[in-house]
Amino acid sequence: ARRLFGGGLYDPAARGPDVRRWLAAETVPHDPQGSAGHGRAGSRHNGDITCFCLRRGTPLGAVTLTLFLQVLAEHCGADLLRLKGLVCVRESPGRPAVIHGVQHVFHPPAWLDGWPDGDHSTRIVVIARGLDARWFEDLLDALDDEVAALDSGMTAMGAANHREEKREENRE
C-alpha cells in the first residue's frame, strides 16, 4: 500500500521549495493601496471552475483564520476543489502558516520557520466550482472585522457598521 499511495500523509513542511512555484502560478500584482490590501487573480480555467488568489497586506488573526477554514469546510464541500496558501498570522508574524484543503477536508496548518521570500503578505489560492471570489473576500473581511470587534468589546452590530464604513471609504 505504501508504494501505491506514496508512503505517507501530505506534509506541506517537507515541500518548502514548491511553495514559491504554486504561489507564483496564480500570482496577482500586489496593490498595497488596494481595498483593505487584498486582491484576486482571475481564472485560467473554463466553464464553472474558477481559480483566484486572495491577497491581504495585513496579518490575519489566528481566530479569523480558524473560523474562515471552518466555514469553508462546512459550507463549500464538494465545490471547493482545492485551497492552499501562505498566511501571515498576527500572533506569529515571522513564521507563516501553510494551509491546504480539498473539499471539506483541511490539514492542520504547518508553520514555516520563515518566509520563503521578501513578500510577507497572505496569499491563498482557491480552485472552486461555482463559487464566487467576492464571496470569499467578503467572508474573510466579515470574520476579520467580527473578531476584531469582539476583541475590542464592540457589538456585532457595531462590527457590521464599521465594515460598511470601511467599504464606503474604499469606494471614494
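Owing to the predicted nature of the structure, the values given are computational and were not obtained by experimental measurement.

Colleague: What's the story with the overall build of the chain in this structure? I'm lost.
Modeller: Along its length, the chain carries 5 helices and 6 strands. When the helices and strands of the chain are placed in sequence order, the string is α-α-β-α-β-β-β-β-β-α-α. Expressed as a percentage of the 172 residues in the chain, the buried residues total 39%. Once local pairs closer than 6 in sequence are excluded, the contacts in the chain between residues at least 24 apart make up 63%. Of the roughly 9700 Å² of accessible surface on the chain, a fraction of 54% belongs to carbon and sulfur atoms.

Colleague: Would you take a moment to explain the packing of helix α3 (residues 62-75) against helix α4 (residues 133-152) for this structure?
Modeller: Packed helix pairs are specified by the crossing angle of their axes together with the interaxial distance, meaning the distance between the axes. Remark: α3 packs on α4, axes separated minimally by 9 Å, with the N-to-C direction vectors making an angle of 140°. Comparing the axis directions of α3 and α4 gives the class oblique. Both α3 and α4 take part in a crossing whose hand is right-handed. Along its contact with α3, which presents V63, T64, L67, F68, V71 and L72, the element α4 presents W135, F136, L139, L140, L143, D144 and V147.

Colleague: Teacher, can you tell me more about the pattern of salt bridges here?
Modeller: Where side chains of opposite charge bring their charged atoms close, a pairing between them can arise. For the structure shown, the criterion picks out 10 salt bridges. For R129, the salt bridge identified is with D79, shortest N-O distance 3.4 Å. Taken together, the residues R129 in strand β6 (residues 122-129) and D79 in the loop between α3 and β2 (80-87) connect sequence positions 50 residues apart. Relative accessible area serves as the criterion here: at 32%, R129 is assigned to the partly exposed category. When the shortest N-O distance is used, the salt bridge between D119 and R123 registers 3.7 Å. Judged by relative accessible area, R123 falls into the buried class, the value being 6%. Because the salt bridges share partners, they merge into one network encompassing R55, D117, D119 and R123.

Colleague: In this structure, what is going on with α4? I would like to understand it.
Modeller: Residues separated by three or four positions in an α-helix point in the same direction, a consequence of the helix having 3.6 residues per turn. The terminal C-alpha atoms of α4 lie 29 Å apart, and with 20 residues this matches the ideal 28 Å at 1.5 Å per residue to within 8%. Listed in full, the buried residues belonging to α4 are A133, F136, E137, L139, L140, D141, L143, D144, D145, V147 and A149. Taking the backbone nitrogen of R134 as reference, a side-chain oxygen 3.2 Å away marks D132 as the first, capping residue of α4. Taken from the residues just after α4, G153 is the one with a positive phi, measuring 85°.

Calculation notes
Residues numbered from 1 in each chain as written. Predicted model: local features only at pLDDT ≥ 70, side-chain atom pairs only at ≥ 80, totals over all residues. Heavy atoms only, no water. Helix = DSSP H or I, 4+ residues; strand = E, 2+ residues; numbered from the N terminus. Buried < 20%, exposed > 50% of the residue type's maximum accessible area, 1.4 Å probe, protein only. Contact = heavy atoms within 4.5 Å. Areas by Shrake-Rupley, 256 points an atom, 1.4 Å probe, with all protein chains shown as cover. Axes fitted to C-alpha atoms, helices over the stretch in contact; angles between N-to-C directions. Parallel < 35°, antiparallel > 145°, perpendicular 65-115°, else oblique. Left-handed = near helix turned anticlockwise from the far one by under 90°. Salt bridge = Lys/Arg side-chain N within 4 Å of Asp/Glu carboxyl O. Expected span 1.5 Å × (residues − 1). Polar contact = N/O pair within 3.5 Å; in protein donor to acceptor, adjacent residues only side chain to side chain.

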